[in-house]
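# Breakdown of the fold
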Amino acid sequence: MECPKTMPLDDESRLTAAVRDFFIAQNAAELRASVAKLPPNWRDERLHDADWEQTEFAFNRLFVGPMALEAPPYASVYLEDEPQVMGKTTMLVRSVYEMIGLVSPWKNTLPDDHISLELDAALALHRMLHAATPSVRGQLQELRVFFLEEHVQVWVPRFCARIEAAPSVTPVLLCMAAALRQWLGTSIARQG
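Residues numbered from 1 in each chain as written. Predicted model: local features only at pLDDT ≥ 70, side-chain atom pairs only at ≥ 80, totals over all residues. Heavy atoms only, no water.

## Focus: the nonpolar core
To be explicit about the condition: Among buried residues, those of type Ala, Val, Leu, Ile, Met, Phe, Trp, Tyr and Cys that are joined through side-chain atoms within 4.5 Å constitute a nonpolar core. Throughout, exposure labels follow a simple rule: accessible area from a 1.4 Å probe, protein chains only, divided by the maximum for the residue type, with under 20% read as buried, over 50% as exposed, and the rest as partly exposed. Numbering of helices and strands runs from the N terminus; a helix is a DSSP stretch of H or I covering at least four residues, while a strand is a stretch of E covering at least two. What makes two residues a contact is simply this: any of their non-hydrogen atoms within 4.5 Å.
The biggest cluster of nonpolar side chains holds 58 residues, and the ones touching the most others in it are Phe23, Phe147, Phe159 and Leu180. Of all elements in the fold, only helix H1 (9-23), helix H2 (28-36), helix H4 (52-64), helix H5 (75-79), helix H6 (88-99), helix H7 (115-131), helix H8 (134-165) and helix H9 (171-191) reach the threshold of two or more residues within this core. With near-sequence residues (within four places) excluded, Phe23 lies in contact with Phe59, Phe63, His114, Ile115, Ser116, Phe159, Ile163, Met176 and Leu180.

## Notes on the packing of H7 against H8
Filter applied, for reference: The convention used is that axes are lines fitted to C-alpha atoms, helices contributing only their stretch in contact, and that angles between N-to-C directions extend from 0 to 180 degrees. The scheme is simple: roughly parallel for angles under 35 degrees, roughly antiparallel for over 145, roughly perpendicular for 65 to 115, oblique for anything else. By convention the crossing between two helices is left-handed if the near helix lies anticlockwise of the far one by an angle smaller than a right angle, and right-handed if it lies clockwise. Amino acid classes used here: Ala, Val, Leu, Ile, Met, Phe, Trp, Tyr, Cys and Pro are nonpolar; Asp, Glu, Lys and Arg are charged; the rest, including Gly, are polar.
Two elements in contact, H7 and H8, have axes whose closest approach is 10 Å; the angle formed by their N-to-C orientations is 155°. On the basis of the axis angle, H7 is roughly antiparallel to H8. When the axes of H7 and H8 are compared, the crossing they make is left-handed. Touching Ile115, Glu118, Ala121, Ala122, Leu125, His126, Met128 and Leu129 of H7 are Arg137, Leu140, Gln141, Leu143, Arg144, Phe147, Leu148, His151, Val152, Trp155, Val156 and Phe159, all from H8. Residues belonging to the contact of H7 with H8 are distributed by class as follows: 14 nonpolar, 3 polar and 3 charged.

## Overview of H8
So the rule is basically this: Every helix has an expected span of 1.5 Å times one less than the residues it contains.
Its 32 residues place the ends of H8 44 Å apart at the C-alpha level, agreeing with the 46 Å of an ideal helix rising 1.5 Å per residue. Of all the positions in H8, only Leu140, Leu143, Arg144, Phe147, Leu148, His151, Val152, Trp155, Val156, Phe159, Cys160 and Ile163 are classed as buried.

## A few points about the environment of Val103
Inspection of the secondary structure puts Val103 in the loop between H6 and H7. Judged by relative accessible area, which is 60%, Val103 ranks as exposed. A sequence separation of 18 residues divides Val103 from Ala121, and the C-alpha atoms of the two residues are 9.6 Å apart.

## Some details on the packing of aromatic side chains
How we decide: To pair, rings of Phe, Tyr and Trp, with the six-membered ring standing in for Trp, must have centres within 6.5 Å; the planes then decide the type, stacked if under 30 degrees apart, edge-to-face if over 60, and tilted in the middle.
Counted according to the given criterion, the structure contains 9 aromatic pairs. The interplanar angle of 75° and the centroid separation of 5.0 Å between the aromatic rings of Phe59 and Phe63 together place this pair among those described as edge-to-face. You can see Phe59 and its partner Phe63 sitting in helix H4, 4 residues apart, about one turn around the helix. Phe63 matches Phe59 in its accessibility class, with the two residues each being buried. For the pair Tyr78 and Phe159, a centre-to-centre distance of 6.1 Å together with 70° between the ring planes defines the contact as edge-to-face. Taken together, the residues span a long stretch of sequence, with Tyr78 in helix H5 and Phe159 in helix H8 at a distance of 81 residues. Residue classification places Phe159 among the buried positions, given a relative accessible area of 0%. Each member of the aromatic cluster is reached from another via a ring pair, and the members are Phe22, Phe23, Phe59, Phe63, Tyr78, Trp155 and Phe159.

By themselves, these observations are geometric and do not establish any function.
Rendered as structure tokens:
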């Protein structure tokens, strides 16, 4: 599964939304629905022939609990000296959201540095940047560069590596980790 380095804008947005929805899914049906939203060049047999109940079980082992998570989906775990949530990193991410007028619908119940919330913010920044007037475009671009290059790019590769090494990983989870890496690479390349 190979995606072009620079995807058309619509595919980048579709990829972002599909990966965002996947990592916040609540059950097998939502996992399957999010995978169906992937751009056409990401649809392969590993995704369509998946055992969705097994995928949901593995998803919970990696990202939800109740046992120790195999790949916690929170930036704080990868960026703080002590793996914790709702700390300095969470507050930094919350301040980025506030700068662009976003508030997590799960504020104070789901840490703001959850991968899906960060993907949602990246998607919002992407859309705002393309609709911005020249007078605010520079500020938005600066914020996007900071968010993606100095925050997301630091922790997401570590998160993907944890997914890939997790004992419970499934083909679908591997595909979505690859999709997340592709999204990050494309987003960073597009900034240049």
